[in-house]
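Summary of the model geometry
The primary structure of each chain is shown beneath.
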Amino acid sequence: MPEQEPPRDERAPRAGGRPAGARRPADGGTRAMPVTGRGDVPAEQEPRPRPQARPAPAGWNSTTYGKPVRRRTDRPAGQEQRLAPPARPAGAAGATSGAAAGRARTAVPPGRGWEQPPPPPPPSGPRRGSAPRPAAASRPGGRVRRRRLLAAAVAVALVLAVLYPAALAWRGWSAVTPVAATSPGERPADTPGTTYLVVGSDSRDGMSEEEKAQYSAGGDDISGRRTDTIMLLHVPAGGGPAALISVPRDSWVPVPGHGSQKVNAAYSIGGAPLLAQTLEDVGGIRVDHYVETSFIGFARIVDAVGGVEMCPEVAVQDVRAGLDIQAGCQDMDGATALGYARYRYSDPLGDLGRANRQRDLLAAITARATSPGTLVNPFRTFPLASSAGSALTVDDGASPLELARFALGMRSATGADGISMTVPVADPNYRTSSGLAVKWDTERALAMFDALRRDDTGALRALA
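Counting of residues starts from 1 at the beginning of each chain's written sequence and follows it residue by residue. Given that this is a predicted model, residues contribute local features only at a pLDDT of at least 70 and side-chain atom pairs are listed and counted only at 80 or more, while totals for whole chains, interfaces and linings are drawn from all residues. Computation of side-chain values: all heavy atoms of the structure, hydrogens and water removed.

Our focus in this paragraph is the overall build of the protein. To qualify as a helix, a DSSP run of H or I must reach at least 4 residues; to qualify as a strand, a run of E must reach at least 2; elements of each kind are numbered from the N terminus. Broken down by element type, the protein carries eleven helices and 15 strands. When accessible area is computed with a 1.4 Å probe and restricted to protein chains, residues below 20% of their type maximum are described as buried, those above 50% as exposed, and intermediate ones as partly exposed. Looking at the protein as a whole, 35% of its 464 residues are labelled buried. Only the protein chains shown count as cover for residues, with accessible areas throughout obtained via the Shrake-Rupley method and a probe of 1.4 Å. Here the protein has roughly 27,700 Å² of accessible surface; of this, 55% comes from carbon and sulfur atoms.

Spelled out as structure tokens, the structure:
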């Protein structure tokens, strides 16, 4: 009998290096493979060559960078797309090692099989664990540019802060009329602080007939020079509150060289110099500067600031002042404000009531002229400076700086912390040889002037 070949262990390794019967089918199981005595795999059981990767359709590439990847329509929805493994040539025995597989992948032409994907795009934000890149403003170049812009803005602000007020002051000062207003007599010693003599003249000089009719400035008693408004503005040097003090025009005082007269007579007789001398002699204070405005100048200033709001408590009809207004708050133009400042025959307080209204009007004009809405608007400030300058007459020793200090002092005196008052009065209907006059309260009036000499405006509050 022929000698039979002893049985082989199906688990022994075959010539190809793969354990017999260890080929894993697609369902994950293990199937035993019959082998021959020569160790060759039967032809019908040779490993089938793997299919070649199908070429990608036109316009489709799984490695497209920067463009949306098109989904293949020949696969069921939701099925993950996989790249086909490289095909092995038929008849190759055994498995390809890891290094050989890597070389096989790199040897495949681009666009077929295991094509290597491109590197991922760089992340848009900072990498995790890495320090954030500095912003442009925090980089050295950004800091330099920012400093230059800041320096340029500061330079422009400084130029505007200097040139704009200077231009306004020049515009107003170029229209101002100078006048000699220094007291001709022996003057008191220089007192601390700055005292301005403020006068509102009822002179009609330079007014046309139409303007006289508009402002009710006609009549038979318009000859000569008189003043309806006399005030003292004191700006202390020590930083105390500024004070605006009305001197009633009918105050009975001694006029140098003319005996006792109404203080208004000093202006009619000798103009600004004699009026300044009269007040220096009576109060013992030194008048540093003189500021005067006329009828039409006052009205033009009111119109230049856009009118003022006043709140009369009663309706007023005064033919001489050309005034016909209702009670309550209302806007007044230049002509109405002028009549409101002038009338006294319809006022139970007479000249004292008129002095109070004049201070209220000055406060309203100053507040409107120095408001931010006016100061930042050059289309309003320059016409205002021109109108105010042409309406003012100042002493020939003043300067643009002094005029600016006067405006600031007026704003301080008419503000919330300022002092607004009238010279203390004992009798508003004092009978004299020149008719009814205003008699001061001598003791309190002297205390007021003493506080001004000492530059202690805070002491005036008890007298206001």
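Definitions used for this entry: grid spacing 1 Å over protein atoms alone; cavity, a set of points where a 1.4 Å probe fits but cannot get out; pocket, an open set with protein on both sides within 12 Å along at least 5 of 7 lines; lining residue, one with an atom within 4 Å of a point. Grid points are joined across faces, edges and corners, and a volume is the space filled by probe spheres set on the points. Estimates place the volume of the largest pocket at around 1,300 Å³. Along the wall of the largest pocket there are 49 residues; nearest its centre are A369, A388, L392, F406 and A407. Of the residues forming the lining of the largest pocket, the biggest block, nine residues, is contributed by helix α10 (residues 400-413). Charged means Asp, Glu, Lys or Arg here, nonpolar means Ala, Val, Leu, Ile, Met, Phe, Trp, Tyr, Cys or Pro, and polar covers whatever is left, Gly included. When its residues are assigned to classes, the lining of the largest pocket shows 32 nonpolar, twelve polar and five charged.

Below, the discussion takes up the pairing of strand β4 (residues 243-246). The side-chain alternation of β4 yields two buried faces, one formed by A243 and I245 and the other by L244 and S246. Whether two strands pair comes down to DSSP finding at least two bridges between them. With four bridges joining them, strand β3 (residues 227-235) and β4 adopt antiparallel strand pairing. The residue of β4 that forms the bridge with L232 is I245. Pairing analysis gives four bridges linking β4 to strand β13 (residues 419-422), with the strands arranged parallel.

Moving on: helix α7 (residues 351-369). Any helix carries an expected span of 1.5 Å times its number of residues minus one. In this model α7 runs 27 Å from its N-terminal to its C-terminal C-alpha over 19 residues, within 8% of the 27 Å that 1.5 Å per residue would give. Most of α7 is tucked away: 14 of the 19 residues are buried.

Each pair of aromatic rings taken from Phe, Tyr and Trp, with Trp reduced to its six-membered ring, is defined by centres within 6.5 Å and is described as stacked if the planes are under 30 degrees apart, edge-to-face if over 60, and tilted in the remaining cases. Counting across every chain of the model gives three aromatic pairs. Ring geometry for Y340 against Y343: centres 6.2 Å apart, planes inclined by 50°, an arrangement best described as tilted. Residue classification places Y340 among the buried positions, given a relative accessible area of 7%. Pairing W440 with F449 gives two aromatic rings, centres 6.1 Å apart and planes at 35°, and the pair type is tilted. With respect to class, W440 is no different from F449; both count as buried. Geometrically, a lysine NZ or arginine CZ counts as sitting over a ring once it is within 6 Å of the ring centre and also within 35 degrees of the ring normal. Over the aromatic face of Y345 sits the side chain of R320, whose NZ or CZ is 4.4 Å from the ring centroid.

So, about the state of the cysteines. By convention in this document, the label disulfide applies to cysteine sulfur atom pairs within 2.5 Å. Tallying each qualifying case throughout the model produces one disulfide. A sulfur-sulfur separation of 1.9 Å characterises the disulfide bridge that pairs C311 with C329. Taking the sign of the S-S torsion, about 105° here, the bridge from C311 to C329 comes out right-handed. Of the two residues, C311 is situated in the loop between β8 (308-310) and β9 (316-318) and C329 in the loop between β10 (323-325) and β11 (330-332); the sequence distance between them amounts to 18 residues. For C311, a relative accessible area of 42% corresponds to the partly exposed category. Overall, C329 belongs to the exposed group, its relative accessible area being 52%.

Patches were defined on residues exceeding 30% relative accessible area and lacking a salt bridge, with like-charge contacts within 9 Å and nonpolar side-chain contacts (Val, Leu, Ile, Met, Phe, Trp, Tyr) within 5 Å. The term salt bridge refers to a side-chain nitrogen of Lys or Arg lying within 4 Å of a carboxyl oxygen of Asp or Glu. Residues L150, V154 and L158 make up a contiguous nonpolar surface patch of roughly 290 Å² in combined accessible area. In this fold, V154 is placed in helix α2 (residues 140-173). Judged by its relative accessible area of 42%, V154 falls in the partly exposed class.

Attention shifts here to the pattern of salt bridges. All chains considered together, the criterion is met by twelve salt bridges. Here the salt bridges share partners, and the residues they tie into one network are D228, R249, D250, K262, R344, D351 and R354.

Even without being glycine, D455 reaches a positive phi, approximately 65°. By the secondary structure assignment, D455 is in the segment after α11 (442-453).

Put simply, a nonpolar core is a bunch of buried Ala, Val, Leu, Ile, Met, Phe, Trp, Tyr and Cys residues held in one set by side-chain atoms that sit within 4.5 Å of each other. L197, I245, V247, L275, M448 and L460 are the most contacted members of the largest nonpolar core, which totals 32 residues. Going through the elements one at a time, β2 (194-201), β3, β4, β5 (252-255), α4 (263-283), β13 and α11 are the ones with two or more residues in this core. In terms of residues, this core owes the most to one element, α4, which gives eight residues. Note on definitions: a residue-residue contact is assigned when non-hydrogen atoms from the two residues lie within 4.5 Å. With near-sequence residues (within four places) excluded, L460 lies in contact with A243, I245, I419, M421, M448, A451 and L452. Within the second largest apolar cluster, 30 residues are counted, among which are A217, I296, L323 and M332.

Before going further, it helps to spend a moment on the sheet that holds β2. Pairing in this open sheet of seven strands is mixed, and the strands run β1-β12-β7-β2-β3-β4-β13 from one edge to the other. Of all strands in the sheet, those with a lone pairing partner are β1 (177-179) and β13, marking the two edges. In this sheet, adjacent strand axes meet at a mean angle of 20° when their direction is disregarded. Here the axes come from fitting lines to C-alpha atoms, over the contacting stretch only for helices, and the angles between their N-to-C directions go from 0 to 180 degrees.

What follows is about the side chain of T432. Among the secondary structure elements, T432 is positioned in strand β14 (residues 425-432). You can call T432 buried: its relative accessible area is 17%. Among the polar contacts made by the side chain of T432, one reaches the main-chain carbonyl oxygen of G435 at a distance of 2.5 Å. Once you skip the residues sitting within four places of it in the chain, T432 turns out to touch W252 and A437. Polar contact criterion, stated in full: a pair of N or O atoms within 3.5 Å, where within protein one must be able to donate a hydrogen and the other to accept it, and residues adjacent in sequence count only if both atoms are side-chain atoms.

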